[in-house]
Amino acid sequence: MKRPLVAFRLLHSSSLAVLVITLVATGTGCSTPGATERFYAFSDGSSSTGAPVALSNALPGIVIGAVTVPELVDRPQIVTRDGGNRVNVAEQQLWAEPVKNGIARVLAVRLERTLAEAGRPTRVAAYPQTSIANPDVRITIDVQRFDAMPGGDAVIDALWSVRRTSDNSVRTGRTVAVRPVSTPAYDATVRAWSEALEMLNKDIAAVVAKIDLAAPASR
């Protein structure tokens with residue numbers, strides 16, 4: 001971003017000297033003129049040609065609550081690291097949705113599919129959904145770290161809890177998912193984060209699959 005040049009002139013009068021500051025604008029923003037904005041979203045692993053499967057309302061319901069992410073990355077721009085303490089905020093490389101909403105959306109799709117493949121068909125929705133009014137399970141996710149270094153690794157470090165609403169029994173866990181970023185391109189960075197989310201999904205699914213939703217769990 002170009003910074004304004006500041007010119008100083010000292011004007012004299014009979015009684016006092018007046019300092020006049022003149023701003024000479026050399027740029028009006030951080031964006032490169034004419035640059036194309038690109039938008040990215042996490043992949044949920046779904047086929048673009050496959051039709052969504054309608055699930056019975058009689059199936060158990062799971063709601064993924066509001067996801068929390070570090071304030072540093074809770075912005076429209078994609079944020080990466082450049083080694084050490086330096087971060088890069090890409091002005092033209094933007095998220096198509098808030099990062100925390102994207103994480104919840106992707107995990108809802110992946111978890112529903114993973115449980116179905118494990119023989120535990122379940123309806124899963126992400127906050128702020130309204131389709132599951134009285135869920136059997138509520139999941140909360142607190143992302144402690146959401147980093148990536150182009151050409152290095154993408155990291156998602158998340159604390160999570162799975163609560164069965166019938167008796168408020170809670171199971172907790174932590175997932176530290178690290179995936180290599182194949183190239184410096186932002187597409188590769190977002191792809192690596194999507195792969196890390198699949199690792200998080202599998203950890204949560206392994207716990208949910210063991211919960212008996214028909215009777216209170218033993219404490």
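Relevant structure appears above.
Please read these numbers as outputs of a predicted model, since none were measured by experiment.

Lay out the sheet that holds strand S4 (residues 61-64) with the relevant residues and their values.
Read from one edge of the open sheet, five strands run S7-S4-S8-S9-S10, paired in mixed fashion. At either end of the open sheet lies a strand with only one pairing partner, and these are strand S7 (123-126) and strand S10 (169-180). Averaged over all pairs of adjacent strands, the angle between their axes in this sheet comes to 20°, without regard to strand direction.

Report on the packing of helix H1 (residues 99-117) against helix H2 (residues 186-208), specifying residues and quantitative values.
The N-to-C vectors of H1 and H2 enclose an angle of 50°; their axes lie 9 Å apart at closest approach. Classified by the angle their axes make, H1 and H2 are oblique. Classified by chirality, the crossing of H2 by H1 is right-handed. Across from Ile 103, Val 106, Leu 107, Arg 110, Leu 111, Thr 114 and Leu 115 in H1, the residues of H2 making contact are Ser 194, Leu 197, Glu 198, Leu 200, Asn 201, Ala 205 and Val 208.

Residue-level account of the pairing of S10, with values.
Where strand S9 (residues 153-164) meets S10, 12 bridges bridge the pair, whose relative direction is antiparallel. Bridging across to S10, Ser 161 finds its partner in Thr 172. Between S9 and S10, which pair antiparallel in sequence order, lie four residues; one of them, Asn 168, sits at a positive phi of approximately 60°.

Can you explain the pattern of salt bridges? Please cite residues and give values.
Any two side chains of opposite charge can pair if their charged atoms end up close together. Counted according to the given criterion, the structure contains 10 salt bridges. Arg 145 serves as the salt-bridge partner of Asp 147, at 2.8 Å between the closest nitrogen and oxygen. The class of Asp 147 is buried, set by a relative accessible area of 13%. The closest approach of N and O atoms between Glu 195 and Arg 179, which form a salt bridge, is 3.1 Å. Of this pair, Glu 195 sits in helix H2 while Arg 179 sits in strand S10; the two residues are 16 residues apart in sequence, bridging distant segments of the chain. Overall, the relative accessible area of 32% leaves Glu 195 in the partly exposed class.

Explain the pairing of strand S5 (residues 77-81) residue by residue, including any values.
In terms of burial, S5 is a largely internal element, four of the five residues being buried. Two strands pair when backbone bridges link them, and S5 and strand S6 (residues 87-95) are joined in this way by five bridges, in the antiparallel orientation. Of the residues in S6, the one forming a bridge with Arg 81 is Val 87.

How would you summarise the environment of Arg 174 if you had to cite specific residues and measurements?
In this fold, Arg 174 is placed in strand S10. Taking the relative accessible area as the measure of exposure, Arg 174 reaches 53% and is therefore exposed. Sequence separation of Arg 174 and Gln 144 is 30 residues, and the distance between their C-alpha atoms is 10.0 Å. The residues contacting Arg 174, other than those within four sequence positions of it, are Asp 157, Ala 158, Leu 159 and Trp 160. Within polar-contact distance, the side chain of Arg 174 engages the side chain of Asp 157 at 2.6 Å.

About the thresholds
- Residues numbered from 1 in each chain as written.
- Predicted model: local features only at pLDDT ≥ 70, side-chain atom pairs only at ≥ 80, totals over all residues.
- Heavy atoms only, no water.
- Pairing = 2+ DSSP bridges.
- Helix = DSSP H or I, 4+ residues; strand = E, 2+ residues; numbered from the N terminus.
- Axes fitted to C-alpha atoms, helices over the stretch in contact; angles between N-to-C directions.
- Parallel < 35°, antiparallel > 145°, perpendicular 65-115°, else oblique.
- Left-handed = near helix turned anticlockwise from the far one by under 90°.
- Contact = heavy atoms within 4.5 Å.
- Salt bridge = Lys/Arg side-chain N within 4 Å of Asp/Glu carboxyl O.
- Buried < 20%, exposed > 50% of the residue type's maximum accessible area, 1.4 Å probe, protein only.
- Polar contact = N/O pair within 3.5 Å; in protein donor to acceptor, adjacent residues only side chain to side chain.

Purely geometric stuff here, so don't read any function into it on its own.
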